[in-house]
Amino acid sequence: MQPSLIRFAWRDLRASGRGLWVFCACLVLGVTLIAASGALFVQVRDSLLADTRALFGGDLEVRAREPLPDEAIDWMRARGEVSLLIELRTMLVTADDDFRLVELQSVDRAYPLYGDVVLDPPQPLERATARRADGHGVVIDPVLATRLGLAPGDRVRLGDLEVVVRARIVRQPDRSLRADWRGTPVLLSDAALEATGLLGPASRAEWHYRVRIDGDPAAWETAFGDAFPDADWEIRSFADRSERIADVLGQVGTGLMLIGFSALFIGGLGVFNSVHAYLQGKLATLATLRSLGLRDRRLAGVYLLQVFWLAAGSSLAGVVLGGGLALVGTGIVAERLPVPPDLAGLAWPLAGTWLFGVLTAVTFALPALGRALSVSPAVLFRGLDGATTRTPAAWWTATAVGTGVVALLLVASVPDPLFGLGFLAVTLVLMTLLEGVVRLLRDGAHRLVEGPQFAGRFTLRLALANLYRPGSSLRPTLLSLGTALTLLVASALVVGTLLRTIDETIPERAPALVFYDIPASDLARFRELLAESPS
């Protein structure tokens, strides 16, 4: 494009482009949502998958309901480093007789195989859980410490043993990500767990033998199964956990990103309306430029350049805002999960979001631009009131190509492509239904105006005639309002159904209270207390 046309496009945009603020606002909102959800998903996914071994606790884990035989332990130690973690749910009792459900986790010297346990006040985990003159030590979850008002030096009871709180857990690399999380963790030594008296024949303890190896986990698992074919122990590897984490994160990330895409689609309709109104107000300028000999291709280039400038700037603003929100969200998530902010990892997702925003804006602007450029120079003599404009077939073809490119980018960018295809199918069905509603309203309004029942009612006839007159804003208005309300209603239904399902299923399938480790001698009295309870 010639420099003179570029200068003209810039001056024209500065002089009359203030009415395109709706264009910018719609695009900034949609791009911000996509950038925030997409960047946060990438941060969480990459961090969790990179730390899968630490989250899992090792390369492999052999889980059993009782201690493994010595020959199995010797076999594992000959082929890797082994750490034993015993998990047991029980009640923690404070000096004020406050009971709380906790999950005891006994740790040995090898724990953790990956990562580090960070304590407050800072000290080695082995030293914090060691037995000293004041007794065995434990480290507790900070949430539990806050709820019970516990501080280092306080004493609590676990089973038959009174222990000393030595520190709070700031970070535990293998903190569980399961939905059926069983209680706040309390770490103690294996000797202290033995002294509690909780490891009896009827205890619900689990023995986790975690292994760190240098070779292939799948080959190790196969060799272990061949060495102990009759064992009923559960063997899992970090690769299995990685796949499950990736699947769950992909589903969550897809849902978040599709909400952003829905907002951008609605914003795209706002872009179309804004560009259409802007160009319809410049029909006289377009007709004048065409009468002066400016070719359609160069004229189209001028206004496409304006659309690109606005789209690029608005998308950049949305990317910056979305990236900032993603970093804030990452900081919040990092308080509970090992998800450090990674600015370098956001470069490609944010660049892709910027490109997606620009392509969406240009695609939605093409029909309005093609329609405005079809104005004839003759309107300068006949007047703009009777001017008829129509989008040529070539512009519809370009719009279809742009739509295809945007659809491919959408499917490629979401973690689950099937969800992306479903979103496109639903969007197509929705647009078809709304187009049918537009046609019904137009036909109905035309028949009512022509009917005898509205004879003499000028105001009502004029209002109805505006629904089907050439250039009516019924279609863009109804499409924008219809898609926005559809998204709002769909989101409300999904959230309402989820909450209703939780409210109906959890009370039926989950008890209000769970009591553990009731001695047989106290069972009769315990049942009497329950029977006397007014609840």
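Preceding this paragraph is the structure being described.
In this text, all values refer to a predicted model and were calculated from it rather than measured experimentally. (Residues numbered from 1 in each chain as written. Predicted model: local features only at pLDDT ≥ 70, side-chain atom pairs only at ≥ 80, totals over all residues. Heavy atoms only, no water.)

Quick look at the overall build of the chain now. The helix and strand tally for the chain stands at 18 helices and eleven strands. For the chain, the proportion of its 535 residues judged to be buried stands at 42%. A total of about 29100 Å² of accessible surface is found on the chain, and carbon and sulfur atoms cover 61% of it. (Helix = DSSP H or I, 4+ residues; strand = E, 2+ residues; numbered from the N terminus. Buried < 20%, exposed > 50% of the residue type's maximum accessible area, 1.4 Å probe, protein only. Areas by Shrake-Rupley, 256 points an atom, 1.4 Å probe, with all protein chains shown as cover.)

Let us now look at the pattern of salt bridges. Enumeration according to the criterion identifies twelve salt bridges in this entry. Note that aspartate 134 and arginine 166 form a salt bridge whose closest N and O atoms lie 3.0 Å from each other. A residue pair is termed long-range when its members are at least 10 positions apart, and aspartate 134 in the loop between strand E5 (131–132) and strand E6 (135–140) and arginine 166 in strand E8 (residues 161–171) qualify at 32 residues. Overlapping salt bridges bring together Glu61, Arg63, Asp174, Arg210 and Arg236 as one network. (Salt bridge = Lys/Arg side-chain N within 4 Å of Asp/Glu carboxyl O.)

Attention now moves to the packing of aromatic side chains. All chains considered together, the criterion is met by ten aromatic pairs. Ring geometry for phenylalanine 224 against phenylalanine 228: centres 5.2 Å apart, planes inclined by 45°, an arrangement best described as tilted. As far as the burial class goes, phenylalanine 224 and phenylalanine 228 line up, both buried. A relative accessible area of 1% means that phenylalanine 224 is categorised as buried. Across from the ring centre of tyrosine 114, 4.1 Å away, lies the NZ or CZ of arginine 212, which sits over that ring. (Phe/Tyr/Trp six-rings, centres within 6.5 Å; stacked < 30°, edge-to-face > 60°. Lys NZ or Arg CZ within 6 Å of the ring centre and 35° of its normal.)

So, on to the layout of surface pockets. Estimated volume of the largest pocket: approximately 1500 Å³. What lines the largest pocket is a set of 45 residues, and nearest its centre among them are Phe272, Pro367, Trp396, Arg475 and Leu479. Counting only elements with at least two residues in the lining of the largest pocket, the list comes to helix H9 (238–280), helix H12 (347–373), helix H14 (393–413), helix H15 (417–450) and helix H17 (474–509). Examining the composition of the lining of the largest pocket, we find that eight residues originate from one element, H9, more than from any other. Broken down by class, the residue content of the lining of the largest pocket amounts to 24 nonpolar, 15 polar and six charged. (1 Å grid on protein atoms, 1.4 Å probe; cavity = no way out; pocket = protein on both sides within 12 Å on 5 of 7 lines; lining within 4 Å. Points joined across faces, edges and corners; volume = space filled by probe spheres on them. Nonpolar A, V, L, I, M, F, W, Y, C, P; charged D, E, K, R; others polar.)

Now for the packing of helix H1 (residues 3–16) against helix H11 (residues 296–333). Look at H1 against H11: their axes get within 9 Å of each other, and the N-to-C directions meet at 55°. Relative to H11, H1 is oriented oblique. You can see that H1 and H11 cross each other, and the crossing is right-handed. Where H1 abuts H11, its residues Leu5, Ile6, Phe8, Ala9, Trp10, Asp12 and Leu13 lie against Arg298, Val302, Tyr303, Leu305, Gln306, Trp309 and Leu310. Of the residues belonging to the contact of H1 with H11, the class tally is eleven nonpolar, one polar and two charged. (Axes fitted to C-alpha atoms, helices over the stretch in contact; angles between N-to-C directions. Parallel < 35°, antiparallel > 145°, perpendicular 65-115°, else oblique. Left-handed = near helix turned anticlockwise from the far one by under 90°. Contact = heavy atoms within 4.5 Å.)

Our focus in this paragraph is empty space enclosed by the protein. Using a probe with the size of a water molecule, rolled over the atoms, empty space left in the structure can be pinpointed. Under the definition given, this model contains one cavity of 30 Å³ or more. In this structure, the largest cavity occupies an estimated 60 Å³ of space. For the lining of the largest cavity, the secondary-structure elements that each account for two or more residues are H9 and H11. The element contributing the most residues to the lining of the largest cavity is H11, with four residues. Class assignment of the residues belonging to the lining of the largest cavity gives a composition of nine nonpolar, one polar and no charged.

What follows covers the nonpolar core. Counting residues in hydrophobic clusters, the biggest one holds 56 residues, and the most contacted among them are Phe23, Phe261, Leu286 and Tyr303. Among the elements of the structure, H1, helix H2 (21–50), H9, helix H10 (283–291), H11, H12, H14 and H15 are those that each provide at least two residues to this core. Beyond its immediate chain neighbours, meaning those up to four positions away, phenylalanine 261 contacts Ile34, Phe356, Leu410, Ser413, Val414 and Phe423. Core analysis: the second largest hydrophobic core is formed by 39 residues, Leu92, Ala192, Trp207 and Phe228 among them. (Core = buried A, V, L, I, M, F, W, Y, C linked by side-chain atoms within 4.5 Å.)

By the element assignment, leucine 373 lies in helix H12. As for leucine 373 and alanine 300, which are separated by 73 residues in sequence, their C-alpha atoms are 7.2 Å apart. Residues within four places of leucine 373 in sequence aside, it is in contact with Leu286, Arg290, Leu299, Ala300 and Trp395.

Another aspect to go through is the environment of phenylalanine 56. In this structure, phenylalanine 56 sits in helix H3 (residues 52–56). Placed 181 residues apart in sequence, phenylalanine 56 and serine 237 show a C-alpha to C-alpha distance of 8.2 Å.

Moving on, we come to H15. With 34 residues, H15 should reach 50 Å at 1.5 Å per residue; the first-to-last C-alpha distance of 50 Å fits that figure. When H15 is considered as a whole, its buried residues turn out to be Gly420, Phe423, Thr427, Leu430, Leu434, Glu435, Val438, Ala445 and Val449. (Expected span 1.5 Å × (residues − 1).)

Moving on to unusual backbone geometry. For the bond running from tyrosine 111 to proline 112, omega is -10°, close enough to zero to count as cis. With an omega of 5°, the peptide bond running from aspartate 120 to proline 121 counts as cis. Residue placement: proline 121 occurs in the loop between strand E4 (118–120) and helix H5 (125–128). Despite not being glycine, aspartate 97 has its phi angle at roughly 60°, a positive value. Tracing the chain through its elements places aspartate 97 in the loop between strand E2 (81–93) and strand E3 (99–107). Take aspartate 97: its relative accessible area is 57%, and that puts it in the exposed class.

On their own, these measurements won't tell you what the molecule is for.
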